[in-house]
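These are the residues of each chain, in order.
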Amino acid sequence: MDAISPPATHQNAHAKAEDYHALYRQSAEEPDAFWLKQAERLHWFVPPTRAGDWSFDPVDIKWYEDGTLNLCHNAVDRHVEERHGDQTAIIFEPDDPADEARHISYDELKREVVAMANALKALGVKKGDRVTLYMPMIPEGAYAMLACARIGAVHSVVFGGFSPEALAGRITDCGSRFVITADAGKRGSKTVPLKANVDAALAQDGVDVDAVLVVKHVGSDVDWTEGRDHWLHDKVSDAACPCEPMAAEDPLFILYTSGSTGKPKGVLHTTGGYGVWTATTFHYVFDYQPGEIYWCTADIGWVTGHSYIVYGPLMNRATSLMFEGVPSYPDASRFWAVVEKHKVNLFYTAPTAIRALMREGDAPVQKHDRSSLRVLGSVGEPINPEAWRWYYEVVGESRCAVVDTWWQTETGGIMITTLPNAHAMKPGSAGKPFFGIQPQLVDNDGGVLEGATEGNLCITASWPGQARTVYGDHERFIQTYFSTYKGKYFTGDGCRRDEDGYYWITGRVDDVINVSGHRMGTAEVESALVLHDKVCEAAVVGYPHDIKGQGIYCYVTLNAGEESSDDLCAELRAHVRKEIGPIATPDHLHFTPGLPKTRSGKIMRRILRKIAENDYGALGDTSTLADPSVVDELIETRQNR
Ligand code: ATP
Ligand code: MG
């Protein structure tokens with residue numbers, strides 16, 4: 001596929017092609033010097049004298065061990081001390097466009113974070129305590145994370161769309177005694193009863209906390225448990241509340257993974273390495289320039305929200321936009337209306353949103369001025385080349401750099417991506433390893449594959465932002481990531497490397513299918529289907545096939561206004577044959593109005609595989625599904641009976 005040369009998005013870009021090569025080489029050859037230098041981005045109470053101290057066999061990962069710092073100090077106080085208190089830290093765009101947006105300066109951010117940190121202290125929260133956050137997408141969510149970091153408490157953010165059961169499980173798993181929530185949240189004109197959900201979670205057997213701190217947001221009526229529940233506004237104070245000096249390896253947060261492949265894991269990140277990693281990756285990948293407006297549409301309940309709404313941008317003294325709502329409310333042009341309204345320069349979203357908006361056509365995009373946009377990011381799933389092109393050409397007017405960033409909750413920050421200005425872009429490829437990242441592709445027996453090839457994606461050397469453990473289950477950490485290929489971090493993803501050294505994520509290794517001895521990534525077949533102009537989204541899985549070993553089962557969602565028919569089936573089969581080859585011809589095409597997705601919008605192929613295998617009795621953990629009714633409907637209409 002042809003590479004698209006980098007648009008000159010900024011004259012003073014942080015990295016140009018030559019810099020990338022020099023910096024990458026240094027990061028590989030002298031990692032200690034390189035990462036000590038990058039650590040200077042942060043303010044340390046005691047600067048570290050060494051960088052990485054790690055082993056993958058046995059597993060023991062430490063970075064900057066003799067340094068002390070506080071990430072709230074780096075994200076907030078430091079900018080105030082350096083006389084940037086007037087600058088806008090957070091722009092808040094509410095769910096309802098008729099409500100007024102808020103601009104929160106770094107001065108104000110500091111006041112709010114101190115106030116909330118004092119409230120936490122008043123409730124008895126101490127350094128090392130776990131605090132569960134169950135919040136809407138409002139600035140108070142960021143204040144709560146930073147207030148925890150300020151006093152050394154470990155936050156565990158649970159996405160506000162999760163059920164009481166899922167919340168209860170995450171509260172008990174990490175032994176959290178405190179919950180911060182809001183009376184309710186708003187999403188696409190709907191009210192989410194957050195406080196009532198917390199009450200329901202805490203009413204379950206064996207779930208018990210000392211205190212619930214409640215932010216008044218919507219003004220809804222809530223039930224109240226005296227002695228346990230406290231309004232934030234009754235507990236705040238402006239007493240001095242210094243940032244707690246934290247050892248670099250002190251825990252910063254626990255975050256449960258999306259649960260695409262199984263039971264969510266409580267991934268633990270520590271302070272120093274995560275701080276340096278998110279600050280450095282944000283700086284280079286988004287090429288942030290002073291004064292620019294940056295918007296990441298993720299929720300703070302996901303790692304993307306942690307690293308690239310809160311910590312990365314604020315440590316870089318960026319202006320970070322927080323959006324309470326959804327892309328489809330009041331209509332499909334909302335994202336672009338917000339871009340125009342706040343003159344957003346850097347925009348970061350997920351393929352699921354891009355595909356959903358692409359389905360609505362170009363008109364909603366073109367209604368709004370997007371000339372402020374300079375860099376467009378994507379994260380969360382492989383982006384189909386077709387969706388990539390639409391993002392680049394229609395949204396970005398073929399003028400913006402697109403960064404397709406591959407990373408995971410466990411990696412803390414971006415691992416593989418192109419850099420604006422430094423690299424040519426290839427639609428559908430994440431690109432090149434970030435500084436310090438050493439990807440390796442191995443075969444199923446662990447044999448190292450060189451050159452242009454395809455295999456299982458491992459990382460051979462630690463990086464500062466790497467997760468340190470699975471909370472309370474270090475054995476699971478070792479088993480999941482370090483035992484498949486000894487001495488290497490195994491990502492669980494499959495990947496192809498081309499002759500230019502670009503990496504193409506082909507999906508989860510578990511999703512690779514083997515048809516008559518030919519191995520293929522499901523992403524490839526999906527991209528071929530999405531290329532057809534009637535198809536909006538596709539999910540492909542294998543199922544046992546008597547002759548071929550595995551057959552190809554495709555779930556297909558059509559564009560708005562399109563109807564399924566036998567003719568269309570034949571047309572799609574012929575289309576995939578033409579795009580990939582006869583070997584990839586779909587056996588079953590299952591048209592559906594929706595696909596089962598995690599709450600973060602990822603397609604749950606694990607469940608689709610079960611349905612295609614006609615083994616829907618044991619669907620496994622479905623607590624992270626956004627809409628369980630989709631599954632019932634798919635079972636009802638399944639093809640392979
Ligand atoms: P679980 O680990 O619980 O199954 P999950 O892997 O979906 O859930 P996350 O950490 O949120 O949880 O997602 C990381 C995964 O998302 C990656 O391993 C990869 O499969 C996919 N991913 C993220 N970004 C990209 C990208 N730019 N291109 C391709 N895949 C991506
Ligand atoms: Mg994962």
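No experiment lies behind these values; they were computed from the predicted model shown. (Residues numbered from 1 in each chain as written. Chains lettered and ligands numbered in written order. Predicted model: local features only at pLDDT ≥ 70, side-chain atom pairs only at ≥ 80, totals over all residues. Heavy atoms only, no water.)

Turning our attention to the overall build of the protein. Counting its secondary structure elements, the protein contains 19 helices and 34 strands. Against the compact-globule benchmark of 26 Å for 641 residues, the protein has a radius of gyration of 24 Å, which places it among compact chains. Principal-axis analysis of the C-alpha atoms gives the protein an extent of 70 × 55 × 50 Å. The proportion of buried residues among the 641 residues of the protein is 61%. Looking at the protein alone, contacts between residues at least 24 apart form 72% of all its contacts between residues at least 6 apart. Just so you have it, the protein exposes about 23,200 Å², and 47% of that area is on carbon and sulfur atoms. Across the protein, the centroid of the 62 positively charged side chains sits 1 Å from that of the 88 negatively charged ones. (Helix = DSSP H or I, 4+ residues; strand = E, 2+ residues; numbered from the N terminus. Rg over C-alpha atoms; globule rule 2.2 N^0.38 Å. Buried < 20%, exposed > 50% of the residue type's maximum accessible area, 1.4 Å probe, protein only. Contact = heavy atoms within 4.5 Å. Areas by Shrake-Rupley, 256 points an atom, 1.4 Å probe, with all protein chains shown as cover. Lys, Arg positive; Asp, Glu negative; His and termini not counted. Charge placed at Lys NZ, Arg CZ, Asp CG, Glu CD.)

Turning to the packing of aromatic side chains, a few remarks are in order. Scanning all chains against the criterion turns up 44 aromatic pairs. Plain terms: the ring middles of Trp63 and Tyr64 are 6.0 Å apart, the flat faces sit at 55 degrees to each other, and that makes the pair tilted. Taking the relative accessible area as the measure of exposure, Tyr64 reaches 0% and is therefore buried. Arranged with centres 6.2 Å apart and planes meeting at 85 degrees, the rings of Tyr543 and Tyr553 form a pair that is edge-to-face. Placement of Tyr543 in strand S32 (residues 535-545) and of Tyr553 in strand S33 (residues 549-558) is noted, with a sequence separation of 10 residues between them. Tyr553 shares its class with Tyr543; the two are buried. Grouping aromatic residues by their ring pairs yields a cluster made of Tyr20, Tyr24, Phe34, Trp35, Trp44, Trp63, Tyr64, Trp277, Tyr284, Phe434 and Phe435. In this arrangement the basic side chain of Arg170 is found over the ring face of Phe162, its NZ or CZ atom lying 4.5 Å from the centre. The side chain of Arg496 reaches across the aromatic face of Trp504, ending 4.8 Å from its centre. (Phe/Tyr/Trp six-rings, centres within 6.5 Å; stacked < 30°, edge-to-face > 60°. Lys NZ or Arg CZ within 6 Å of the ring centre and 35° of its normal.)

The next point concerns the site of ligand 1. Every one of the 21 residues lining ligand 1 counts as a neighbour, but Thr257, Ser260, Thr261, Thr409 and Arg508 are closest to it. Contact distances for ligand 1 include 3.4 Å between an oxygen atom and a side-chain N or O atom of Lys265. Asp493 places a polar side-chain atom, nitrogen or oxygen, 2.7 Å from an oxygen atom of ligand 1. Surface burial for ligand 1 is 94%, taken as the share of its 640 Å² of free accessible area covered by protein chains. Looking at the shell around ligand 1 residue by residue, the class counts come to five nonpolar, nine polar and seven charged. (Near = heavy atom within 4 Å. Polar contact = N/O pair within 3.5 Å; in protein donor to acceptor, adjacent residues only side chain to side chain. Nonpolar A, V, L, I, M, F, W, Y, C, P; charged D, E, K, R; others polar.)

That bond from Asp57 to Pro58 is cis: its omega, 0 degrees, falls within 30 degrees of zero. Structurally, Pro58 can be placed in the loop between strand S2 (52-56) and strand S3 (59-63). Of note, the amide linkage connecting Tyr329 to Pro330 takes the cis form, showing an omega dihedral of -5 degrees. Inspection of the secondary structure assignment puts Pro330 in the loop between strand S18 (319-323) and helix H11 (334-342). One non-glycine residue with positive phi stands out, namely Arg317, at about 55 degrees. Residue placement: Arg317 occurs in the loop between helix H10 (303-315) and S18.

Another aspect to go through is the side chain of Ser320. Relative to the elements of secondary structure, Ser320 occurs in strand S18. Ignoring sequence-local partners within four residues, the contact set of Ser320 consists of Ala89, Ile90, Ile91, Tyr294, Ile309, Pro313 and Leu314.

Averaged over all residues, the pLDDT of the protein equals 95, while 100% of them reach at least 70. Predicted as a complex, the structure gets a pTM of 0.94 and an ipTM equal to 0.99. (pLDDT = per-residue confidence, 0-100.)

In this section: the pairing of strand S15 (residues 251-256). In terms of residue burial, S15 counts as a mostly covered element, since five of its six residues are buried. Note: S15 against strand S16 (residues 266-270), five bridges, orientation antiparallel. By the bridge assignment for S16, Tyr256 is matched with Gly266. (Pairing = 2+ DSSP bridges.)

Here the focus is helix H19 (residues 629-636). Turn by turn, an α-helix covers 3.6 residues, leaving residues three or four places apart pointing in a common direction. Of all the positions in H19, only Val630, Val631, Leu634 and Ile635 are classed as buried. One side of H19 carries all its buried residues, which in axial view fall inside an arc of 135 degrees. For H19, the exposed residues set more than 90 degrees away from the buried face come down to Asp632 and Glu636. Buried residues belonging to H19 abut S33, strand S34 (588-591) and helix H18 (605-612). (Arc of directions from axis to C-beta.)

Before going further, it helps to spend a moment on the environment of Pro593. Tracing the backbone through its elements, the reader meets Pro593 in the loop between S34 and H18. Sequence spacing of Pro593 and Pro94 is 499 residues, and the spatial spacing of their C-alpha atoms is 29 Å. Discounting residues that sit within four places of it in the chain, Pro593 has contacts with Thr557 and Glu633.

Turning our eyes to something else, we now look at the UniProt feature "domain: AMP-binding enzyme C-terminal" (unreviewed entry) in the protein. If you check UniProt for "domain: AMP-binding enzyme C-terminal" (unreviewed entry), the listed places come out as residues 524-602 in our numbering. This span, residues 524-602, is 28% helix and 32% strand, and a straight line between its end C-alpha atoms measures 17 Å. (UniProt positions renumbered as here; feature names shortened; annotations may be inferred.)

What follows covers the environment of Tyr284. Within the element layout of this structure, Tyr284 appears in helix H9 (residues 272-285). Classification of Tyr284 by relative accessible area gives buried; the value is 9%. Note: C-alpha distance between Tyr284 and Ser189 (95 residues apart in sequence) is 36 Å. Those residues in contact with Tyr284 that lie beyond four places of it in its chain are His14, Ala15, Leu23, Gln38, Arg41, Leu419, Pro420, Phe434 and Phe435.

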